[in-house]
Every structure is written in C-alpha cells, then in structure tokens.
Amino acid sequence: MKFRYKVLFTNLILLSLGLGLVGYLMIHKNFELAKQTQLKNAIVQNNLVQSSVEYELLQLLNSVSDNSETSNNNTDNNNAEKSSISASSIVAQLPQIGSRVSSSVRSRDSFFYIYFDGEKVYTDDKSDARISDTLFKNLTTGNKNYVIKEESQKHYIYVTSQSVINEKNLWIVSKCDASEAYTLLDEQINYFRLIIIVILIAESAAMYFISRYMTKPLEKLNHVSEEIAQGDYATRVNVKSHDEIGLLAQKFNIMAQAVSDHVDELNDMVHRREQFVADFTHEIKTPMTSIIGYADTMRSLELPREEQMMALGYIFSEGKRLESMSQKLFELIYLRRHDIEKARVHMADLCAEVVKVVEPAYENRHLTIETEIEDTVLTVNRELLVTALVNMMDNARKASEEGQQVEVTGKFVDNRACNIPKDKTDICEAESADDRKCTRAYEISIIDHGIGMTKEQAERICDEFYMADKSRARKEGGAGIGMSLVAIILEHHNAVLSVESEPGCGTTMRILLPW
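Numbering of residues begins from 1 in every chain and follows the order in which that chain's sequence is written. Totals for whole chains, interfaces and linings use every residue, but because this is a predicted model, local features are given only for residues with pLDDT of at least 70 and side-chain atom pairs only at 80 or more, for both listing and counting. Water and hydrogen atoms were dropped before computing side-chain values, which therefore reflect all heavy atoms in the structure.

Describing the confidence of the model for the protein chain
pLDDT gives the predictor's per-residue confidence on a scale running from 0 to 100. Per-residue confidence for the protein chain gives a mean pLDDT of 80; residues scoring 70 or more make up 83%. Any two residues whose heavy atoms approach within 4.5 Å at even a single point are treated as in contact. Confidence over residues 416-437 falls short of pLDDT 50; this stretch has 45 contacts with residues more than four positions distant or in other chains.

Overview of helix α7 (residues 347-364)
Spanning 18 residues, α7 covers 26 Å between terminal C-alpha atoms, matching the ideal 26 Å at 1.5 Å per step. A residue's bend is simply the angle between two axes: one fitted to the seven residues ending at it, one to the seven starting at it. The way it works is that DSSP assigns letters per residue, a run of H or I at least four long becomes a helix, a run of E at least two long becomes a strand, and they are numbered from the N terminus. Considering bend angle alone, the principal kink of α7 is centred on Val-358 and spans about 45°; proline Pro-360 follows within four residues of it. Expected helix span is computed as 1.5 Å times (number of residues minus one).

Overview of the packing of aromatic side chains
Aromatic rings in a pair are described by how distant their centres are and how their planes are angled relative to each other. Whether two aromatic rings pair depends on their centres lying within 6.5 Å, for rings of Phe, Tyr and Trp, where Trp uses its six-membered ring; planes under 30 degrees apart make the pair stacked, over 60 edge-to-face, and the rest tilted. Overall, the coordinates contain seven aromatic pairs when judged by the stated rule. Seen from their ring centres, Phe-112 and Tyr-122 are 5.7 Å apart, and the 45° between their planes marks the pair as tilted. Of this pair, Phe-112 sits in strand β1 (residues 110-116) while Tyr-122 is found in strand β2 (residues 119-123), placing the two residues 10 residues apart along the sequence. Judged by relative accessible area, which is 15%, Tyr-122 ranks as buried. Each residue in the set Tyr-5, Tyr-208 and Phe-209 is aromatic and connected to the rest through ring pairs, giving one cluster. Any Lys NZ or Arg CZ that is within 6 Å of a ring centre and within 35 degrees of that ring's normal is treated as a charge sitting over the ring. A cation sits over an aromatic face here: Lys-149 above Tyr-158, 5.5 Å from the ring centre. Its end group placed over the ring of Tyr-156, Lys-175 keeps NZ or CZ at 4.5 Å from the ring centre. Partly exposed residues are those whose accessible area sits between 20% and 50% of the maximum for their type, while under 20% is buried and over 50% is exposed, using a 1.4 Å probe and protein chains only.

Quick word on the sheet that holds strand β4 (residues 154-165)
Here five strands make up an open sheet; going across it, the order is β2-β1-β5-β4-β3 and the pairing antiparallel. Looking at the sheet topology across the chains shown, the edges are occupied by β2 and β3 (144-151). Between one strand and the next, the sheet's axes are offset by a mean angle of 25°, whatever the strand orientation. Summarising the sheet, β4 and strand β5 (residues 168-177) pair through 10 bridges and their orientation is antiparallel. Of the residues in β5, the one forming a bridge with Val-164 is Asn-169. Two strands are counted as paired when DSSP detects at least two bridges linking them. A fitted line through C-alpha atoms represents every axis, and for helices the fit uses only the stretch in contact; the resulting angles, taken between N-to-C directions, go from 0 to 180 degrees.

Brief notes about the nonpolar core
In these notes, a set of buried Ala, Val, Leu, Ile, Met, Phe, Trp, Tyr and Cys residues joined through side-chain atoms within 4.5 Å is what counts as a nonpolar core. Counting residues in hydrophobic clusters, the biggest one holds 41 residues, and the most contacted among them are Leu-350, Leu-389, Met-392 and Ile-511. Listed by contribution, the elements that provide at least two residues to this core are α7, β8 (377-380), α8 (382-399), β9 (405-413), β10 (441-448), α11 (482-492) and β12 (506-514). At eight residues, the largest contribution of residues to this core is made by α8. Those residues in contact with Ile-511, other than ones at most four positions away along the chain, are Leu-389, Met-392, Tyr-442, Glu-443, Ile-444, Leu-490, Ala-495, Val-496 and Leu-497. Listed in part, the 16 residues of the second largest apolar core include Ile-97, Val-105, Phe-116 and Ile-165.

Structural notes on the pattern of salt bridges
Every case where a carboxyl oxygen of Asp or Glu lies within 4 Å of a side-chain nitrogen of Lys or Arg is listed as a salt bridge. This model, assessed by the stated rule, comprises 12 salt bridges. Where Arg-100 meets Glu-56, a salt bridge forms, and the shortest distance between an N and an O atom there is 3.0 Å. With Arg-100 in helix α3 (residues 87-105) and Glu-56 in helix α1 (residues 3-64), this residue pair connects regions lying 44 residues apart in the sequence. Asp-117 is the partner of Lys-168 in a salt bridge, and the nearest nitrogen-oxygen pair spans 3.8 Å. Pair noted here: Lys-168 is in strand β5 and Asp-117 is in the loop between β1 and β2, with a separation of 51 residues, a long-range link. Classification of Lys-168 as partly exposed rests on a relative accessible area of 32%. With relative accessibility at 44%, the residue Asp-117 sits in the partly exposed group. If you follow the salt bridges from partner to partner, you end up with Asp-125, Lys-149, Glu-151 and Lys-175 in one network.

Examining the packing of α8 against α11
Where α8 meets α11, the axes come as close as 9 Å, and the angle between the chain directions of the two elements is 145°. You can see that α8 and α11 cross each other, and the crossing is left-handed. In contact with Leu-384, Leu-385, Thr-387, Ala-388, Asn-391, Met-392 and Asn-395 of α8, α11 contributes Gly-482, Met-483, Leu-485, Val-486, Ile-489 and Leu-490. Each residue gets one of three labels, nonpolar for Ala, Val, Leu, Ile, Met, Phe, Trp, Tyr, Cys and Pro, charged for Asp, Glu, Lys and Arg, and polar for the others, Gly among them. In terms of residue class, the contact of α8 with α11 is built from nine nonpolar, four polar and no charged. Helix crossings get a hand from a simple test, with the near helix turned counterclockwise from the far one by less than a right angle marking a left-handed crossing and a clockwise turn marking a right-handed one.

Digging into the sheet that holds β9
The strand order across the open sheet formed by five strands is β7-β9-β10-β12-β11, and the pairing between neighbours is mixed. Edge strands, defined here as strands with exactly one partner in the open sheet, are β7 (368-373) and β11 (496-502). This sheet shows a mean twist of 15° between the axes of neighbouring strands, independent of strand direction. Looking at chain direction, β10 and β12 are connected through eight bridges and run antiparallel. Among the inter-strand pairings, Ile-446 is bridged to a residue of β12, identified as Met-509.

Here we look at the pairing of β9
Bridging between β7 and β9 involves six bridges; their strand directions are parallel. Residue pairing across strands places Glu-372 opposite Thr-409, the latter belonging to β9. Sheet topology places β9 next to β10; seven bridges connect them, and they run antiparallel. Note on β10: the bridge partner recorded for Val-408 is Ile-446.

With respect to a positive patch on the surface
Only residues whose relative accessible area exceeds 30% and that form no salt bridge are eligible for patches; like-charged ones are grouped when within 9 Å, while nonpolar side chains (Val, Leu, Ile, Met, Phe, Trp, Tyr) are grouped when within 5 Å. Note that accessible areas follow from Shrake-Rupley with a 1.4 Å probe, and for residues the cover is restricted to the protein chains shown. His residues and chain termini do not enter the charge count, which takes Lys and Arg as positive and Asp and Glu as negative. Lysine's charge is taken at NZ, arginine's at CZ, aspartate's at CG and glutamate's at CD. Among the surface-exposed residues, Lys-2, Arg-212, Lys-216, Lys-220 and Lys-240 lie close enough to one another that they form a single positively charged patch. The topology assignment puts Lys-220 in helix α4 (residues 179-229).

Observations regarding a negative patch on the surface
There is a patch of like negative charges on the surface, built from Asp-261, Asp-264, Glu-265 and Asp-268. Mapped onto the secondary structure, Asp-268 falls in helix α5 (residues 244-300). Its relative accessible area of 39% is what places Asp-268 among the partly exposed residues.

Written out as structure tokens, the structure is:
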C-alpha cells in the first residue's frame, strides 16, 4: 500500500473515531436532558393527579361527617375525618373521583391509575397496561418511583406516589408519553450519520489531494532512486520545500553525488588499471622483441665481431631498461601501500646531492645546470625526495638540446603565491592562488628550455607509462613511470606539483612543500 493511502486511511479512522466519540457524547447529553424534561413533566402530572384525588377524598369526608369543620381546621381533625368513613365507601367512591379528576386535569397522551389497599380501582388508560411491581417496592409517603417502558413502539414514563387513607395505602400511578425524547434521539442519530458521511467524503477528497501533494517529493525520491539503481548517477531530486522532506531530498542529492563521484573514481581506476596493463604490456613487449630478435640473430648466424658487439649492446640497453622499469614499478607499488618516515633535512644539501647524481648524464649531453638554492630545514624523506627530483631533472635533460641550460631554484613563497591548501593531498592539479590560504611554503623549480609540451600532454604527465614524446623517451631509456613515482612521493609529503609548458619554449616544474 502506498504511503499516501496509509496517511488517508489513518486520518479517516482517527476522524471517524473522534467524530463518533463527540457525536455520542453530545447526542447522549441531549437525550438525557430531554428525558429529564419528560420525567419532570411526568412528576408534575403525578403531583397534580395526586393532589386532585386527595382533594376529592377530602370533600367526600367533609360531606359525610356530622361534625364538619371549617377550612381552618388543623391536620389532626382532618385525619379524624378520614377515619370516620369506611374503606368500602372509599373504594366505592374512588372510580367516580378518578373520572372527575381525569376530565379536569388529564392532559393529552397521559393517563393515570388509582390503587387502594393494593387493588386497582380506576384507570383512564384504555390499554390497561400491566403495572410493574417495581413501582410499588420501597415506596413511602412523600417519595416517588418511576420506570420507563416501551409499549406499542412508544415509550412511557410511569410515576408512582403514595398517600395513606384510614391506614390504607392509596397509590396514584401516572403514565406519560415520553416518545418525544426517543424520537429526538433517533432524529439526531440519523442526522449525525448523514453529517459524518458528508464530512468523511469531503475529508477523504481533501486528504487524498493533500497527502498526494505531501508525498509527491517522496515519489520523486523513489523515482530518482530507481534511475540511480539502473545506472543513471547524474539524476538528482528537485525538491524545494524547507521541511523534513526537503532536507531528506537535499541529503539524498548529496549522497547521490557522493555515489556518482565514487563510481566515477572506480571507473577511472578500472580504466587506469586497464590502461596500465595495456601500456605495461606494450612497454615490455618492445624491449623483449629487441632482445629476442638480436639473441636469435646471434644464435642463428655467424656475425662479425663488430655486429656481435652492437647486438649485445642493444640487448644490454634493453635489459637495463627493463630493469629500470621493474625497479620503478616496485617503488611505485610500495609507496602506494606504505607510509614513509621523515626527518629534518637541509634543502641546500639535498639539492646539491641531486645535482651531483645527474651531473654525469648532463655532461654527456653538454648541458649546464644553474642552481640558486635558499637553504632551510624541512621535514621530508631525504631518499624519496632525491628520487623525485632526480626523475624531474632527468626529464628536463631528455627534453633539452645539447648546449642548453637547466635551472634549479629553491626559495620561500608567501601565502598569496602558495599553492598548497591545508588539507591538500592531490597531485598534478592546478588551482587558483586566490582561493588558497595556507602557511608559508618552500618552492623548488626546475626550468628547462627544451621541446616543451602541450597543455593536454602536461595534464597527463603523471599517468603511468605516459610519454609526451615516446620515440625520444625510449631513445633515452625512459619507461614512462618516473613522473608517476614523483607524484606518489610528493603526495606523501602533502606537496603540490604544477607544470607550465609550451611547445618549443621549454617546461617549468614547481614543487611546493609545506614549511
């Protein structure tokens, strides 16, 4: 069941219960008030009949008494007069008295019964209904009993009162129609049912549209989640509300973006691995083809000494290239899986060591190295940073023509020129200097004036096995792994590498180390 229908049915149930409870209490209260009104009217009617009957009896007693007293006689004389007439005379006179009272005081839909000494002596009720014995139980003078009975689809209130005549009980039972209260009850119940039906229908329609409107963002979330599950990671939820659902949609978009970024990273990693395998296969195939070819030639043919030495030279150089490639691959894999140890190092000594390492190769190419190093002490891994700078110097050598100069500088830069955000760990990325705020940094620059690179080539310089000029790199014994190793080393130092290059104008590589 959809959430909107759950909301709809829940509201209908709660509304029905609430309206039902309120309606029951109101109808019950109105019915009780109407019934109490009917009961009061019945009691008044009973009092009226009782008074009239007692008055008629008093008149009877006065008429048969030889010693009639005036109207100001006291109560004891009246009782004496009551006792002066026999019970049989009273029984004989009560039907006539009842008839006179009925014609004078009886109202519409009301009747009464007269009982004397336990026997019914008069009634004006043609139905002559049977009187319940409960009306006479525990009945005393001055008190009244009543019951409500249903007769012929009508409700009647029976009220009983008691008087004592010649030590005999005189019971007056009045019967009043109370159907009006029950008719009102039925009318209110029917009217309330109609109101509830109308309210529930209107509330159902309103709640349907309201719940549909309120759950529409959830349907969007569900639809977008299905699209993401099917692989469309660019889909986002467009919900502009400022409630919990809007916040959920915002968090969902953040989650979807994180998933999309993660998937892109995974796809990029898979692509890089596939490219790595393809490049590695290609790079290892070329020297192996040369080695196998020359070895097969030497095995199959009798070559002159000079050609043998040339073939052996090719085999040796290609073998050394394979050895260099395997060593750098090992270092690359090791650095990706392990942390490094750092120590305080003088940068002037470190740069001097780098120059000393690459100087023989530069002299063979008749290249000069110009250094300008501002000494300071940084916490780095000396061996790894030397390896990184040697690789960068080696790239500068390969890109330079004979007789050119390579410049190496080391200096402090202020925060406006700093290229290292505090939490920055990405390598080979360029960012606006205006957006960076960090402490002072130490910048090492290696500048050559060689063949240079395009912008696209400079952006891929840290990819494994990537070579801007493959023929030139292979001629120089390169394998395309050196700059990837540089990137990993600089990442361990929280450093940033920036590359500025232009074809035919040379290349400038800058390392920014945190200080």
